[in-house]
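These are the residues of each chain, in order.
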Amino acid sequence: MLDRALVEEVLTAARARGGAFAEVFVEETASTSIRLDDGKVEELTTGLDRGAGVRVTHGMSYGYAYSNRLDRDALLEAADAASAALRAGEPGSVLDLRTLEGPLTNAVQRPAGTVPAADKVGWLRELDDAARAFSPEVVQVVGVYGDSLQRRLIATSDGRWVEEERPRIRIVSQVVAKRGDNIQTGFHGPASCAGVEFVDEHTPRATAEVAAKRAVTMLDAVPAPAGEMTVVLAPGMGGVLFHEAVGHPLEADAIDKEASVYRGLVGTKCASELIDGVDDATIPNGWGSFTFDDEGTPAQRTVLFTDGVLQGFLYDRLRAEKDGVESTGNGRRQSYASPPVVRMTNTNILNGAATPEQVLADTPSGVYVTALGGGQVNPATGDFVFGVSEGYTIEQGEATTPVRGANLIGRAIEVMSAVDAVADDFDTWEGVCGKDGQSAPVGSGSPTLRISRITVGGTGG
């Protein structure tokens, strides 16, 4: 993407006033986005975005500047601007740039860029038809397709030279069902770092039917019960809870700011002994997977919990160097216009020994949650509230009546310690995580798991 001699010149300019290290992040991203609303193509966008960011660090502070031009003048201007954040000091050195290579994490069989846009529109029309065919009560369908190919170059003054391609593809169905004045919505949006072979595995029809089923099912929902009770989370949903309520407080910046409920608890039992949790960027074609993070650190599988005991935190370079540990490969950024921050990749609760049928059959009463909506978490206390977008009452070991208006309310350590059953049917949920004004694709996963006691906020009896 850029000549090495030019990159070395930029790194040298960035270290003109010293600093701990300098870094150049170069990006070129080709993307396609299509939105089909009620059978009409409302938006079809293709584009190519490129640019570079230059960072110079000194302790926990840094200077950062970026440009959407990749010519020598623009890059040297960015380097000078980034270095201006430092007080004048002795110029720093730039080591010989050595190419780092790792295993191919996100293999592609059929690149999305080779498929005509008309075929992609056709997938959304298939999605629209399938959702409407599901039920006459389906009144609105929105389909969204997106793919991208990000090419990245990361070079650092301590000699790293990393080049990597990241493919992404996603298809989303949002369905509205109506019966009289009762209106409900359903959503489903599988995603992967892969090519269009992903669409063969997650067909537009199947994606539409999941969303349509959710919307139509919720037309029969009754007000959710309220109070403390047993909750069973369907596969994938425990991962969403784990990401938000547990994962964010384990990010080293939250620890550093003394804004994490887990600060000082490494080696302490903070969850049920049934909980084994990891953050894993090495999962082939995972939504949050890569070979190197956005600082040029190799992707890792970081163990967070073993038998409920907290094992450690997630680090980028700055916090790792401050704490005298190795980075866990969790330095990520939205684009060349943003500096890296500590954030999760694919954060999962691992399989247990039970079967999902056993877990449900052994639950006399409670709520069975099959889809979670938005929520709020306070990392400092672990307090959280999550909306339930699809759930059912549990009666005598069976999921029966759909419920609406439910919220799950609790504290991370208490709720994770109350898990008393973990099944063996691991599944994932793909989302986009927001933090510090940046967004990044993340994966969350879990098998079916049961929380013995948690507060359910509802409007029913």
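Now for a quick tour of the structure.

What follows covers the packing of aromatic side chains. Counting across every chain of the model gives five aromatic pairs. Ring plane angle 65° and centroid distance 6.1 Å describe the contact between tyrosine 66 and tyrosine 336, whose orientation is recorded as edge-to-face. Taken together, the residues span a long stretch of sequence, with tyrosine 66 in strand β3 (residues 61–67) and tyrosine 336 in the loop between β14 (331–332) and β15 (341–342) at a distance of 270 residues. Members of the aromatic cluster, each reached through a chain of ring pairs, are Phe242, Tyr262 and Phe305. Sitting over the face of the ring of tryptophan 161, arginine 4 holds its NZ or CZ atom 4.3 Å from the ring centroid.

Attention shifts here to the side chain of aspartate 279. Among the secondary structure elements, aspartate 279 is positioned in strand β11 (residues 277–280). For the buried aspartate 279, no salt bridge is present, and the opposite-charge side chain at shortest range is arginine 332, 7.2 Å distant. Among the polar contacts listed, one links the side chain of aspartate 279 to the side chain of threonine 347, at a separation of 2.9 Å. Those residues in contact with aspartate 279, other than ones at most four positions away along the chain, are Gln300, Arg301, Thr302, Leu304, Leu314, Asn330, Met344, Thr345, Asn346 and Thr347.

Following both chains from N to C, one finds helix α3 (residues 117–134) and helix α5 (residues 204–217) inclined at 35°, their axes separated by 8 Å at the closest point. Handedness of the α3/α5 crossing: right-handed. Mapping the contact onto sequence places Trp123, Glu126, Leu127, Ala130, Ala131 and Phe134 in α3 and Pro204, Arg205, Thr207, Ala208, Glu209, Ala212, Lys213 and Val216 in α5. Class assignment for the residues of the contact of α3 with α5 results in nine nonpolar, one polar and four charged.

To continue, consider the packing of helix α1 (residues 4–14) against helix α2 (residues 72–83). Between α1 and α2, whose axes approach to 8 Å, the crossing angle comes to 25°. In this view, α1 runs roughly parallel relative to α2, as classed from their interaxial angle. α2 is crossed by α1, and the crossing has right-handed handedness. Only Arg72, Leu75, Leu76, Ala79 and Ser83 of α2 make contact with α1, whose side of the interface consists of Leu6, Glu9, Val10, Ala13 and Ala14.

Our focus in this paragraph is the pattern of salt bridges. As enumerated under the stated definition, the model contains 35 salt bridges in all. The partner of aspartate 256 in a salt bridge is lysine 322, and the shortest N-O contact between them spans 2.3 Å. Highlighted residues: aspartate 256 in helix α7 (residues 252–256) and lysine 322 in helix α8 (residues 317–323), separated in sequence by 66 residues. The exposure class assigned to aspartate 256 is partly exposed, which follows from its relative accessible area of 29%.

Let us now look at the environment of valine 24. Within the secondary structure, valine 24 sits in strand β1 (residues 21–37). Valine 24 sits in the buried class, given a relative accessible area of 2%. Note: C-alpha distance between valine 24 and arginine 333 (309 residues apart in sequence) is 13 Å. Once residues within four sequence positions are removed from consideration, valine 24 is found in contact with Val10, Leu11, Gly53, Val54, Leu153, Ile154 and Ala155.

Another aspect to go through is the pairing of strand β18 (residues 383–395). Relative to β18, strand β17 (residues 365–378) runs antiparallel, the two sharing eleven bridges. Bridged to valine 369 within β18 is glycine 391. In terms of strand pairing, β18 meets strand β20 (residues 407–411) through five bridges, oriented antiparallel. Within the sheet, the bridge partner assigned to valine 385 lies in β20 and is isoleucine 409. In this sheet, strand β19 (residues 398–404) lies alongside β18 in antiparallel orientation, the contact comprising four bridges. Bridged to tyrosine 392 within β19 is proline 402. The hairpin turn running from β18 into β19, its antiparallel successor, is two residues long, and glutamine 396 in that turn takes a positive phi close to 50°.

For a regular strand, side chains alternate in direction, first toward one face of the sheet and then toward the other. The pairing of strand β6 (residues 160–179) with strand β7 (residues 182–188) spans seven bridges and is classified as antiparallel. Among the inter-strand pairings, valine 176 is bridged to a residue of β7, identified as threonine 185. In textbook terms, the turn of a hairpin is the stretch between consecutive antiparallel strands, and for β6 and β7 this stretch comprises two residues, one of which, glycine 180, has a positive phi near 65°.

Membership of the largest hydrophobic core comes to 46 residues, with the highest contact counts inside it found for Leu233, Tyr262, Phe305, Leu408 and Ile451. Contact partners of tyrosine 262, with chain neighbours within four places excluded, come to Ala245, Val246, Pro249, Leu250, Ile255, Cys270, Phe305, Leu310, Phe313, Ala412 and Ile413. Counting 27 residues, the second largest nonpolar core, distinct from the first, contains Leu127, Ile171, Ala194 and Ala212.

Turning to α5, a few remarks are in order. Taking 1.5 Å of rise per residue, the 14 residues of α5 would be expected to cover 20 Å, and the 20 Å separating its terminal C-alpha atoms lies within 8% of that figure. All of the buried residues along α5 are Pro204, Thr207, Ala208, Ala211, Ala212, Arg214, Ala215, Val216 and Thr217.

Reading across from one edge, β13-β12-β11-β16-β23-β22 is the order of the six strands in this open sheet, with mixed pairing throughout. Both outer strands of the open sheet, β13 (309–310) and β22 (427–435), are each paired with one neighbouring strand and no more. As judged from the three bridges shared by strand β16 (residues 346–349) and strand β23 (residues 438–446), these two strands associate in the parallel manner. Across the sheet, residue asparagine 346 finds its bridge partner in β23, namely glycine 443. In this fold helix α6 (residues 237–247) packs onto β11, β12 (301–306), β16, β22 and β23, with an angle of close to 130° to the strand it touches most, β23.

So, how was this worked out
- Residues numbered from 1 in each chain as written.
- Predicted model: local features only at pLDDT ≥ 70, side-chain atom pairs only at ≥ 80, totals over all residues.
- Heavy atoms only, no water.
- Phe/Tyr/Trp six-rings, centres within 6.5 Å; stacked < 30°, edge-to-face > 60°.
- Helix = DSSP H or I, 4+ residues; strand = E, 2+ residues; numbered from the N terminus.
- Lys NZ or Arg CZ within 6 Å of the ring centre and 35° of its normal.
- Buried < 20%, exposed > 50% of the residue type's maximum accessible area, 1.4 Å probe, protein only.
- Lys, Arg positive; Asp, Glu negative; His and termini not counted.
- Salt bridge = Lys/Arg side-chain N within 4 Å of Asp/Glu carboxyl O.
- Polar contact = N/O pair within 3.5 Å; in protein donor to acceptor, adjacent residues only side chain to side chain.
- Contact = heavy atoms within 4.5 Å.
- Axes fitted to C-alpha atoms, helices over the stretch in contact; angles between N-to-C directions.
- Left-handed = near helix turned anticlockwise from the far one by under 90°.
- Nonpolar A, V, L, I, M, F, W, Y, C, P; charged D, E, K, R; others polar.
- Parallel < 35°, antiparallel > 145°, perpendicular 65-115°, else oblique.
- Pairing = 2+ DSSP bridges.
- Core = buried A, V, L, I, M, F, W, Y, C linked by side-chain atoms within 4.5 Å.
- Expected span 1.5 Å × (residues − 1).

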